[in-house]
Amino acid sequence: MKKILVADDRAISRELVRTALEGSGYEVFEAEDGVEAMEQARLHHPDAIILDLHMPRLDGFGVIAALRSEDEFAAVPVMALTASAMVGDRERALAAGFTGYIAKPIRLAALREEVERLLR
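Before going into details, it helps to say that this report is about the structure given with it. These figures come from a predicted structure and were not determined experimentally.

1. Considerations on the sheet that holds strand S5 (residues 100-103)
The parallel open sheet is built from 5 strands, whose spatial order is S2-S1-S3-S4-S5. The outermost strands of the open sheet, each flanked by one partner alone, are strand S2 (27-31) and S5. Adjacent strand axes in the sheet meet at a mean angle of 20°, parallel and antiparallel pairs treated alike. Two elements, strand S1 (residues 3-7) and S2, share 5 bridges in a ladder whose sense is parallel. Residue pairing across strands places Ile 4 opposite Val 28, the latter belonging to S2. Strands S1, S2 and strand S3 (48-52) of the sheet are contacted by helix H2 (residues 34-44), whose axis makes an angle of about 145° with S2.

2. Remarks on the nonpolar core
Of all hydrophobic cores here, the largest spans 22 residues; its most connected members are Leu 5, Ile 49, Leu 51, Leu 67, Val 78 and Phe 98. At the level of elements, S1, S2, H2, S3, helix H3 (60-68) and strand S4 (78-82) are the ones that each hand at least two residues to this core. A total of 4 residues in this core trace back to one element, the largest contributor, which is H3.

3. Notes on unusual backbone geometry
In this structure, the amide linkage connecting Lys 104 to the following residue, Pro 105, adopts the cis form with an omega of 0°. Locating Pro 105 in the fold gives a position in the loop between S5 and helix H5 (108-119). A positive phi angle, near 50°, is found at His 45, a position not held by glycine. Along the chain, His 45 turns up in the loop between H2 and S3.

4. What about the packing of helix H1 (residues 11-22) against H5?
Across the interface, H1 lies against H5 with an axial gap of 10 Å and an inter-helix angle of 65°. Considering the relative orientation of H1 and H5, their crossing is right-handed. Counting all contacts with H1, which are made through Leu 16, Val 17, Ala 20 and Leu 21, the residues of H5 involved are Leu 108, Leu 111, Arg 112 and Val 115. Here the contact of H1 with H5 is composed, by residue class, of 7 nonpolar, no polar and 1 charged.

Procedures and definitions
- Residues numbered from 1 in each chain as written.
- Predicted model: local features only at pLDDT ≥ 70, side-chain atom pairs only at ≥ 80, totals over all residues.
- Heavy atoms only, no water.
- Pairing = 2+ DSSP bridges.
- Helix = DSSP H or I, 4+ residues; strand = E, 2+ residues; numbered from the N terminus.
- Axes fitted to C-alpha atoms, helices over the stretch in contact; angles between N-to-C directions.
- Contact = heavy atoms within 4.5 Å.
- Core = buried A, V, L, I, M, F, W, Y, C linked by side-chain atoms within 4.5 Å.
- Buried < 20%, exposed > 50% of the residue type's maximum accessible area, 1.4 Å probe, protein only.
- Left-handed = near helix turned anticlockwise from the far one by under 90°.
- Nonpolar A, V, L, I, M, F, W, Y, C, P; charged D, E, K, R; others polar.

Keep in mind these values describe shape, not function.
Structure (structure tokens):
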């Protein structure tokens, strides 16, 4: 079973993503901020990571920079998840090292498709 880490400071967002992914057969771990996301990544060694860009203590950009600096996580697919989807945000996220991008409100079919694409 593929493992996915979901990091978002909003419990309702984590629950939505977790429910959708568990329903598709994934094992899901959660973190409520960027520091906890790093801890959970090191503990569970996920196959993919979904990061909210705006979290307390360490935002998604800080997490992706830290992940990409560690050999273990250099090639792990990481999807940016954000409510502030403005022109250029997707390009900025991809340039920072994210391998996927999805805007809130989350369309569950699009989320599942993007996760499947990242794990291929």
